Amino acid sequence: MDFTDFVFIKGNGLKGFVDAGLETLPQQYIQPPEQRFDLSQVITEESLPLIDVSNWDDPEVAKSICEAASKWGFFQIINHGITMEALESMKSAVHGFFGLPNDERRKYWKGQSISDTAYLKTSFIPEKEKVLEWKDTLCFRFIPGDDESSSLWPPVCKDQVLDYMKRAETIIKRLLEVLLKSLNVKEIDKPTEYVLMGSLLINLNYYPHCPNPELTAGLGPHADGSTITILLQDDIGGLDVRGTDGEGWIHVPPVEGALVVNVGDVLQIMSNDRYKSIEHRVVANRSKNRVSIPIFVSPGAEALIGPLPEVVASGEQLVYKQVAYKDYLNGFFS
């Protein structure tokens, strides 16, 4: 079987290739020895903050969130208001889509998708990568209040994605309010909201079981180009975050009902380095199919990003210049 033809040209993705009876890792996924994950570097004695946000108005909750964003760049939240049923429904929807026959999934393959706001791809940017990442992703652009944009989304997961996004919007706004209040931004007006969250993307990530996980990467080390990212992960695990010393890695254990929150590059820039956008990665699994659902909360396409005036009002030196977000993205994706 020709790998490129089957995965890319025919649009079957990695899932289709694994289902066809894969026994050994294709060469395209084998990392050079110096870039393979050394799992002995995982720091077991450190863990990310787990924050109960049942009372958003509690000053201690706000303090915990801002301290975590400053020190770790990552934290988990519980009692956030999204029901366990809705979370489980969202995870089931990912398995539902990737459980469809190749012909059904192929309708959404990038470049030929029947929807303008949903597409299926493999790896990250395969046309630019020397080594591919061990995952497929169904990507959605969520436009609040625009029912037309989601009319051609896959029926097997459309309602679950819409329901989850509407619930998550409330949490996104709460988190941004807390994080910006600590930066002396008293109110998030419409122009600021556009810069913070003018674009909402949700990815349904599928990491198939892998015959040689030690040779590949589910997701290579990277930081996010978002304002913040909110992640729902299943109970299998595999997410590691770079330690505060910049050396080792901290495993992010799945916590039932929790959402993982991380600072993206945009918020690090806007906070003039008060908040930290931290590298993270995903380890492949030999025996289980893992799913995760990140929401990337990002500026609108025409936004300008730079340190907030409120942050540097006291004369603090600018760490970053103002830049058009689309120019920043061009650099990020290249």
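Worth saying up front: this structure is predicted, and the values here are computed from it rather than measured.

### Section: the nonpolar core
The biggest cluster of nonpolar side chains holds 70 residues, and the ones touching the most others in it are Ile65, Tyr164 and Leu204. The dominant element in this core, judged by the number of residues it contributes, is helix H6 (residues 158-181), at 12 residues. Residues within four places of Ile65 in sequence aside, it is in contact with Ile51, Val53, Trp56, Phe75, Leu175, Val178 and Leu179. Within the second largest apolar cluster, 14 residues are counted, among which are Leu239, Ile250, Val260 and Val282.

### Remarks on the UniProt feature "domain: Fe2OG dioxygenase" (unreviewed entry) in the protein chain
With numbering aligned to this structure, UniProt lists the feature "domain: Fe2OG dioxygenase" (unreviewed entry) at residues 191-299. Note that residues 191-299 is 12% helix and 39% strand, and that its end C-alpha atoms are spaced 10 Å apart.

### With respect to the pattern of salt bridges
Scanning the model with the defined rule gives 12 salt bridges in all. Two residues, Asp103 and Arg106, come together in a salt bridge whose shortest N-O distance is 2.6 Å. In this pair, Asp103 and Arg106 are both assigned in helix H5 (residues 102-106), three residues apart and thus about one turn of the helix distant. Asp103 sits in the exposed class, given a relative accessible area of 53%. The shortest N-O distance in the salt bridge between Glu214 and Arg286 comes to 3.0 Å. Residue Glu214 is located in the loop between strand S5 (199-207) and strand S6 (219-222), and its partner Arg286 is located in the loop between strand S11 (280-282) and strand S12 (290-298); the two are separated by 72 residues in the primary sequence.

### Things to note about the environment of Ser115
Looking at the secondary structure, you find Ser115 in the loop between H5 and strand S3 (118-122). Leave out the neighbours within four places in its chain, and Ser115 touches Ser149, Leu152 and Trp153. There is a polar contact of 3.1 Å between the side chain of Ser115 and the backbone nitrogen of Thr117.

### Let's talk about the sheet that holds strand S8 (residues 239-242)
Strand order across the open sheet formed by four strands is S6-S11-S8-S9, with antiparallel pairing between neighbours. Every interior strand has two partners, whereas the edge strands, S6 and strand S9 (249-251), have only one. Along the sheet, successive strands turn relative to each other by an average axial angle of 20°, direction set aside. Of the strand pairs in this sheet, S6 and S11 are connected by two bridges, and their pairing is antiparallel. If you follow Leu219 over to S11, its bridge partner there is Val282.

### Quick look at the packing of aromatic side chains
All chains considered together, the criterion is met by seven aromatic pairs. Ring centres of Phe97 and Phe98 lie 5.1 Å apart, and the angle between their planes is 90°; on these two criteria the pair is classed as edge-to-face. According to the relative accessible area criterion, Phe97 is buried, its value standing at 0%. Of the residues examined, Phe98 reaches a relative accessible area of 1% and is grouped as buried. Between Phe98 and Tyr206, the aromatic rings sit 4.8 Å apart at their centres with planes inclined by 20°, giving stacked as the arrangement. A residue pair is termed long-range when its members are at least 10 positions apart, and Phe98 in helix H4 (residues 84-98) and Tyr206 in strand S5 qualify at 108 residues. Judged on exposure class, the residue Phe98 and its partner Tyr206 are both buried. Through a chain of ring-to-ring contacts, the aromatic side chains of Phe97, Phe98, Tyr108 and Tyr206 assemble into a single cluster.

### Some remarks on the sheet that holds S12
Strand order across the open sheet formed by eight strands is S1-S2-S10-S7-S12-S5-S4-S3, with mixed pairing between neighbours. Unpaired on one side and paired on the other, strand S1 (50-52) and S3 mark the two borders of the sheet. Across the sheet, the mean angle separating the axes of adjacent strands is 25° when strand polarity is ignored. Inspection of the sheet shows strand S2 (residues 74-78) paired to strand S10 (residues 259-263) by four bridges, in the antiparallel sense. Following the sheet pairing, Ile77 is matched in S10 by Leu259. Across the sheet, H6 touches S2, strand S4 (136-142), S5, strand S7 (228-233), S10 and S12, and the angle it forms with S7 is around 135°. Those strands touched by helix H7 (residues 190-197) are S5 and S12, and its axis lies near 145° from that of S12.

### Points about the pairing of S12
Where burial is concerned, most of S12 is hidden: nine out of the nine residues are buried. Along S12, one buried face is formed by Arg290, Ser292, Pro294, Phe296 and Ser298 and the opposite face, lined by Val291, Ile293, Ile295 and Val297, is buried too. Relative to S12, S5 runs antiparallel, the two sharing seven bridges. Each bridged residue has a counterpart across the sheet, and for Leu200 the counterpart in S12 is Val297. As judged from the six bridges shared by S7 and S12, these two strands associate in the antiparallel manner. When the sheet's bridge partners are listed, Leu231 is paired in S12 with Pro294.

### So, the pairing of S7
Most of S7 sits inside the fold, with six of its six residues counted as buried. Side-chain alternation along S7 places Ile228, Ile230 and Leu232 on one buried face and Thr229, Leu231 and Gln233 on a second face that is also buried. Two elements, S7 and S10, share four bridges in a ladder whose sense is antiparallel. Bridging across to S10, Thr229 finds its partner in Asn262.

Basis of the calculations
Residues numbered from 1 in each chain as written. Predicted model: local features only at pLDDT ≥ 70, side-chain atom pairs only at ≥ 80, totals over all residues. Heavy atoms only, no water. Core = buried A, V, L, I, M, F, W, Y, C linked by side-chain atoms within 4.5 Å. Buried < 20%, exposed > 50% of the residue type's maximum accessible area, 1.4 Å probe, protein only. Helix = DSSP H or I, 4+ residues; strand = E, 2+ residues; numbered from the N terminus. Contact = heavy atoms within 4.5 Å. UniProt positions renumbered as here; feature names shortened; annotations may be inferred. Salt bridge = Lys/Arg side-chain N within 4 Å of Asp/Glu carboxyl O. Polar contact = N/O pair within 3.5 Å; in protein donor to acceptor, adjacent residues only side chain to side chain. Pairing = 2+ DSSP bridges. Axes fitted to C-alpha atoms, helices over the stretch in contact; angles between N-to-C directions. Phe/Tyr/Trp six-rings, centres within 6.5 Å; stacked < 30°, edge-to-face > 60°.

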